[in-house]
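# Coordinate analysis (summary)
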Amino acid sequence: MLMREDLEKREESLSPFAARSAETKGRRLEDPPCKFRTEFQRDRDRIIHSKAFRRLMHKTQVFLAPEGDHYRTRLTHTLEVSQVSRTVCRALSLNEDLTEAIALGHDLGHTPFGHNGEEVLNEIYPKGFRHNEQSLRVVELLENSGNRVGMNLTYEVRDGILNHSGKGEPATLEGEIVRLCDRIAYINHDIDDAIRSGVVSLEDLPKGPIELFGTRHSQRINNMVTNVVENSDGKDHIRMDQEHWERLLELRDYMFENVYKSPKVKKTEDVLMVDTMIKKLYHYYIDHPDMLPSDDQKNLERFDVETVVKDYIAGMTDRFAKTMYSKLGATE
């Protein structure tokens with residue numbers, strides 16, 4: 001029988017730069033340890049079993065109205081980030097369980113309709129909206145289990161979720177891995193989806209990055225991962241070399257210009273629909289908080305109405321937001 005203590009002893013053989021579950025800075029609330037799982041493994045499991053994680057399967061990654069079954073969703077993006085991050089982590093002999101937990105939780109706070117939904121909420125919510133901060137809010141305050149408020153995750157996982165994007169830097173190398181691999185994953189899988197949709201072709205992509213990384217999806221990811229591992233081995237920071245980093249940013253800039261902001265991907269009518277839908281839902285619930293679900297109404301005892309409504313809308317899936325919007329139209 002393999003006990004938690006046995007797994008913690010195995011972690012002693014990891015890189016000296018690895019985070020070790022037995023040395024975690026802990027949880028906000030005391031939580032008796034599990035017999036068989038480390039603290040980071042428990043965090044991973046809590047995230048996977050959460051409602052917020054399940055909702056990711058019906059949230060947009062890039063394409064607002066894809067005609068096909070093979071385009072990425074926020075859930076498949078999350079799984080790809082986890083896979084790429086674990087590969088890097090394992091190669092560097094860091095804590096794979098911690099990296100996996102951060103990767104699986106990093107986008108729990110994402111809005112419906114991807115970054116378009118995020119931009120609208122950031123515009124109308126007085127305190128502004130950033131999905132990394134909302135992801136932390138989900139695990140700390142909103143995803144309740146029984147009588148417990150939040151998931152009560154370890155400091156290291158919460159830190160990695162918050163700092164996977166934005167101005168802050170992760171406190172652990174495992175968190176740094178997720179921050180970089182998030183970018184590696186989304187640039188590559190979004191290229192794959194864009195080529196599949198016909199928005200761009202392989203020949204359209206900037207030649208410098210393609211010559212360096214490769215023409216095939218798997219080849220590009222493998223080359224990027226290899227470069228990260230080779231340049232981070234034995235170091236206290238996760239990095240690519242300068243050439244690979246600059247070419248990755250070149251690819252990212254190309255994607256923003258030709259895909260993420262392209263009217264071929266996000267038709268004007270779809271963008272306007274998202275803007276109208278989220279704004280109408282937001283203002284309706286601000287004026288009618290009694291129409292919020294019972295759990296959200298309870299949150300009015302803890303937070304102001306704008307924050308509760310923002311939390312409710314951010315947690316919606318694309319299809320649920322459309323359904324609620326349609327219901328509002330039918331009642332007016």
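Residues numbered from 1 in each chain as written. Predicted model: local features only at pLDDT ≥ 70, side-chain atom pairs only at ≥ 80, totals over all residues. Heavy atoms only, no water.

What follows concerns the overall build of the protein chain. Along its length, the protein chain carries 16 helices and zero strands. Relative to the compact-globule value of 20 Å for 332 residues, the protein chain shows a C-alpha radius of gyration of 21 Å, a close match. By principal-axis analysis of the C-alpha atoms, the protein chain measures approximately 65 × 55 × 35 Å. For the protein chain, the proportion of its 332 residues judged to be buried stands at 53%. Of the contacts made within the protein chain by residues no fewer than 6 positions apart, 71% connect residues no fewer than 24 positions apart. A total accessible area of about 15,800 Å² is found for the protein chain, and carbon and sulfur atoms account for 49% of it. The averaged location of the 58 negative side-chain charges in the protein chain is 3 Å from the averaged location of its 48 positive side-chain charges. (Helix = DSSP H or I, 4+ residues; strand = E, 2+ residues; numbered from the N terminus. Rg over C-alpha atoms; globule rule 2.2 N^0.38 Å. Buried < 20%, exposed > 50% of the residue type's maximum accessible area, 1.4 Å probe, protein only. Contact = heavy atoms within 4.5 Å. Areas by Shrake-Rupley, 256 points an atom, 1.4 Å probe, with all protein chains shown as cover. Lys, Arg positive; Asp, Glu negative; His and termini not counted. Charge placed at Lys NZ, Arg CZ, Asp CG, Glu CD.)

Here the largest pocket is characterised by a volume of approximately 1,200 Å³. Ser 165, Arg 183, Tyr 186, Arg 252 and Phe 256 are the residues nearest the centre of the largest pocket, which is lined by 48 residues in total. Only helix H4 (74-91), helix H6 (114-124), helix H7 (131-142), helix H9 (173-197), helix H12 (242-260) and helix H13 (268-287) provide two or more residues apiece to the lining of the largest pocket. The greatest single-element share of the lining of the largest pocket, amounting to seven residues, is contributed by H9. Across the lining of the largest pocket, the residue classes break down as 14 nonpolar, 15 polar and 19 charged. (1 Å grid on protein atoms, 1.4 Å probe; cavity = no way out; pocket = protein on both sides within 12 Å on 5 of 7 lines; lining within 4 Å. Points joined across faces, edges and corners; volume = space filled by probe spheres on them. Nonpolar A, V, L, I, M, F, W, Y, C, P; charged D, E, K, R; others polar.)

This next bit is on the packing of aromatic side chains. With the rule as written, the count across this model stands at five aromatic pairs. Connected via pairs of aromatic rings, a cluster forms that spans Tyr 284, Tyr 285, Tyr 312 and Phe 320. When the ring centre of Phe 303 is taken as reference, the NZ or CZ atom of Arg 137 above it lies at 4.3 Å. (Phe/Tyr/Trp six-rings, centres within 6.5 Å; stacked < 30°, edge-to-face > 60°. Lys NZ or Arg CZ within 6 Å of the ring centre and 35° of its normal.)

This part takes up the nonpolar core. In terms of nonpolar packing, the biggest core is built from 37 residues, with Val 88, Leu 94, Ile 177, Ile 184, Ile 238, Leu 248 and Val 259 touching the most fellow members. Those elements that place two or more of their residues in this core are H4, H9, helix H10 (207-213), helix H11 (217-232) and H12. Looking at this core, the element that brings in the most residues is H9, giving nine residues. Aside from chain neighbours lying at most four places away, what touches Ile 184 is Val 84, Met 224, Val 228, Met 240 and Leu 248. (Core = buried A, V, L, I, M, F, W, Y, C linked by side-chain atoms within 4.5 Å.)

Okay, the side chain of Gln 41 next. Along the chain, Gln 41 turns up in helix H2 (residues 39-48). With a relative accessible area of 12%, Gln 41 lands in the buried category.

Turning next to the pattern of salt bridges. Inspection of every chain in the model, using the stated rule, returns 30 salt bridges. Across the pair Arg 44 and Glu 100 runs a salt bridge, and its minimum N-O distance is 3.5 Å. One end of the pair, Arg 44, is in helix H2; the other, Glu 100, is in helix H5 (residues 96-105), with 56 residues separating them in the sequence. Using a relative accessible area of 12% as the deciding quantity, one classes Glu 100 as buried. The closest approach of N and O atoms between Glu 123 and Lys 279, which form a salt bridge, is 3.1 Å. With Glu 123 in helix H6 and Lys 279 in helix H13, the pair connects residues that are 156 residues apart, well separated along the chain. (Salt bridge = Lys/Arg side-chain N within 4 Å of Asp/Glu carboxyl O.)

Next up on the list: the environment of Arg 130. For Arg 130, the position within the fold is in the loop between H6 and H7. Note on Arg 130: relative accessible area 37%, which makes it partly exposed. Remark: the alpha-carbon pair of Arg 130 and Val 88, spanning 42 residues in sequence, is separated by 27 Å. When sequence neighbours within four positions are dropped, the list of residues in contact with Arg 130 reads Glu 118 and Asn 122.

Let's shift gears to the packing of H5 against helix H8 (residues 155-162). Each packed pair of helices is defined by two parameters, the angle between the axes and the distance between the axes. At a minimum axis distance of 9 Å, the contact between H5 and H8 shows a crossing angle of 45 degrees. In terms of their interaxial angle, H5 and H8 are classed as oblique. Our pair here, H5 against H8, has a crossing hand that is right-handed. From H5, Leu 98, Ala 101, Ile 102 and Gly 105 reach across to H8, where they touch Glu 156, Val 157, Gly 160 and Ile 161. (Axes fitted to C-alpha atoms, helices over the stretch in contact; angles between N-to-C directions. Parallel < 35°, antiparallel > 145°, perpendicular 65-115°, else oblique. Left-handed = near helix turned anticlockwise from the far one by under 90°.)

Positionally, Val 199 belongs in the loop between H9 and H10. Residue classification places Val 199 among the buried positions, given a relative accessible area of 12%. In this structure, the C-alpha to C-alpha distance between Val 199 and Val 265, residues 66 residues apart in sequence, is 7.1 Å.

This paragraph deals with the packing of H6 against H13. Here H6 crosses H13 at 45 degrees, and the two axes come no closer than 9 Å. Relative to H13, the element H6 is oriented oblique. Taken as a pair, H6 and H13 cross one another with a handedness that is right-handed. Residues Asn 116, Gly 117, Val 120, Leu 121, Glu 123 and Ile 124 of H6 form the contact with H13, whose own contacting residues are Val 271, Val 274, Asp 275, Ile 278, Lys 279 and Tyr 282. Along the lines of polarity and charge, the residues of the contact of H6 with H13 split into seven nonpolar, two polar and three charged.

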